[in-house]
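# Per-entry structural report
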Amino acid sequence: MFMHPHQRRAYHAFLIWYGASNLFFTLITTVNLVYQFKIARLAPLQLVLVGSVLELTAIVAQIPTGVIADVFSRRRSLVAGTFLVGFGFALEGLFPNFGVIVLSQVIWGTGSTLLDGADAAWLAAEIGEEHLERVWLRGSQVIQTLTLLAIPLSVALGSMQLNLPVVLGGTLMMALALSMPLFFPERAFIPPERDEHTTWGVMARTLRQGFAIVRRSPVLPALMGIELFFGLASEGWDRLWQ
């Protein structure tokens, strides 16, 4: 797989970020629901409400956060998203309180929408579409290997203190986000023409255009509604099966 030096740098940066972020995420989520039940002592209804808040946040924030990636840059969106996901989990692990945990879902749910799509767009621009299939395959191999390491590590840490994997994973994810500007390149991103003279003007215009497309399409609102109700319906199982 021949790549130019910039493409190879972007390829290595992607594998580092993709592997590390999934490692930390698995470290957290392996014990996260057990932590919410055993330490935060959330009742079954509260567990489902926490998951529902996360689903609603993902739906509501999807379009605005996509605008951020298109107007500012994909790299900034990835940095901000990674930091918010880590901050949300660290906050949850430090304060085993229902209200704080609900707030943490809003924070890391917003962060996850900043990541959604921005990673693929950044990768296609920096590496080239001809390399995408191989890079995604290698990334999948990396995270599968790291997941096998993260699960027993999370269990071992959780056996000492149940919130430890949650706080540690969130903190490491924030550290990863803060270090990303040092190794995460972005040369191919071209910001939109700012004929309204301000970044916020461009952002508002892009957001209006996105909502207009949704309103004109008979399919997109239906798909969003299906996704919303499917997510809400699945929360009982997702939150209570363990």
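For the structure, check the block above.
Just so we're clear, the structure is a prediction, and the values are computed from it rather than from any experiment.

This part is about the overall build of the protein. The helix and strand inventory of the protein stands at nine helices and zero strands. Listing each helix as α and each strand as β along the protein from the N terminus yields α-α-α-α-α-α-α-α-α. Residues counted as buried form 43% of the 242 residues belonging to the protein. Look at the contacts in the protein between residues 6 or more apart in sequence, and 84% of them connect residues 24 or more apart. Of the roughly 12,800 Å² of accessible surface on the protein, 68% is carried by carbon and sulfur atoms.

Turning next to a nonpolar patch on the surface. On the surface, a cluster of nonpolar side chains totalling about 590 Å² of accessible area is made up of Ile213, Val219, Leu220, Leu223, Ile226 and Phe230. With four residues, helix α9 (residues 220-240) is the single largest residue contributor to the nonpolar patch. Topologically, Leu220 is positioned in helix α9. What makes Leu220 partly exposed here is its relative accessible area of 32%.

On to unusual backbone geometry, then. Unusually for a residue other than glycine, Arg41 sits at a positive phi of about 55°. Along the chain, Arg41 turns up in the loop between α1 (5-38) and α2 (44-71). Owing to a relative accessible area of 66%, Arg41 belongs among the exposed residues under this scheme.

Another aspect to go through is the nonpolar core. Ranked by internal contacts, the top residues of the largest apolar core, which has 34 residues, are Phe14, Trp17, Leu78, Trp122, Leu123, Met180 and Phe184. Those elements giving two or more residues to this core turn out to be α1, α2, α3 (74-94), α4 (98-115), α5 (118-127), α6 (132-160) and α7 (164-183). Of the residues forming this core, the biggest block, twelve residues, is contributed by α1. Setting aside anything within four residues of it in sequence, one finds Trp17 in contact with Leu78, Thr82, Leu115, Asp119, Leu176, Met180 and Phe184. Ala40, Leu47, Val50 and Ile101 belong to the second-largest nonpolar core, a separate cluster that totals five residues.

For the pair α5 and α6, interaxial distance at closest approach is 10 Å and the crossing angle is 130°. Overall, the two elements α5 and α6 adopt an arrangement that is oblique. At the point where α5 passes α6, the crossing takes the right-handed sense. Within the contact between the two elements, α5 uses Asp119, Ala120, Leu123, Ala124 and Ile127 and α6 uses Leu132, Val135 and Trp136. In the contact of α5 with α6, the residues fall into seven nonpolar, no polar and one charged.

Within the structure shown, the criterion is met by twelve aromatic pairs. Ring centres 6.2 Å apart and planes at 70° place the aromatic pair Trp17 and Phe184 in the edge-to-face group. A residue pair is termed long-range when its members are at least 10 positions apart, and Trp17 in helix α1 and Phe184 in the loop between α7 and α8 (199-216) qualify at 167 residues. On the basis of relative accessible area, Trp17 is assigned to the buried category, the value being 3%. Its relative accessible area of 0% is what places Phe184 among the buried residues. What links up through ring pairs into an aromatic cluster is the set Phe14, Trp17, Tyr18, Trp122, Trp136, Phe183 and Phe184.

With that settled, consider the packing of α1 against α5. Running from N to C, α1 and α5 point in directions that differ by 155°, and their axes come no closer than 9 Å. Looking at the two axes, α1 sits roughly antiparallel to α5. Judged by residue contacts, His6, Gln7, Ala10, Tyr11, Phe14 and Trp17 of α1 engage Asp119, Trp122, Leu123, Glu126 and Ile127 from α5. Per-class residue counts for the contact of α1 with α5 are seven nonpolar, two polar and two charged.

The next point concerns the side chain of Ser73. Along the chain, the position of Ser73 falls in the loop between α2 and α3. Residue Ser73 is classed as buried on the basis of its relative accessible area of 5%. Here the side chain of Ser73 touches Arg76 through a polar contact of 3.0 Å, landing on its backbone nitrogen. Contact partners of Ser73, with chain neighbours within four places excluded, come to Ile68, Glu186 and Phe189.

Definitions and limits used
Residues numbered from 1 in each chain as written. Predicted model: local features only at pLDDT ≥ 70, side-chain atom pairs only at ≥ 80, totals over all residues. Heavy atoms only, no water. Helix = DSSP H or I, 4+ residues; strand = E, 2+ residues; numbered from the N terminus. Buried < 20%, exposed > 50% of the residue type's maximum accessible area, 1.4 Å probe, protein only. Contact = heavy atoms within 4.5 Å. Areas by Shrake-Rupley, 256 points an atom, 1.4 Å probe, with all protein chains shown as cover. Patch = residues over 30% accessible without salt bridge, like charges linked within 9 Å, V, L, I, M, F, W, Y side chains within 5 Å. Salt bridge = Lys/Arg side-chain N within 4 Å of Asp/Glu carboxyl O. Core = buried A, V, L, I, M, F, W, Y, C linked by side-chain atoms within 4.5 Å. Axes fitted to C-alpha atoms, helices over the stretch in contact; angles between N-to-C directions. Parallel < 35°, antiparallel > 145°, perpendicular 65-115°, else oblique. Left-handed = near helix turned anticlockwise from the far one by under 90°. Nonpolar A, V, L, I, M, F, W, Y, C, P; charged D, E, K, R; others polar. Phe/Tyr/Trp six-rings, centres within 6.5 Å; stacked < 30°, edge-to-face > 60°. Polar contact = N/O pair within 3.5 Å; in protein donor to acceptor, adjacent residues only side chain to side chain.

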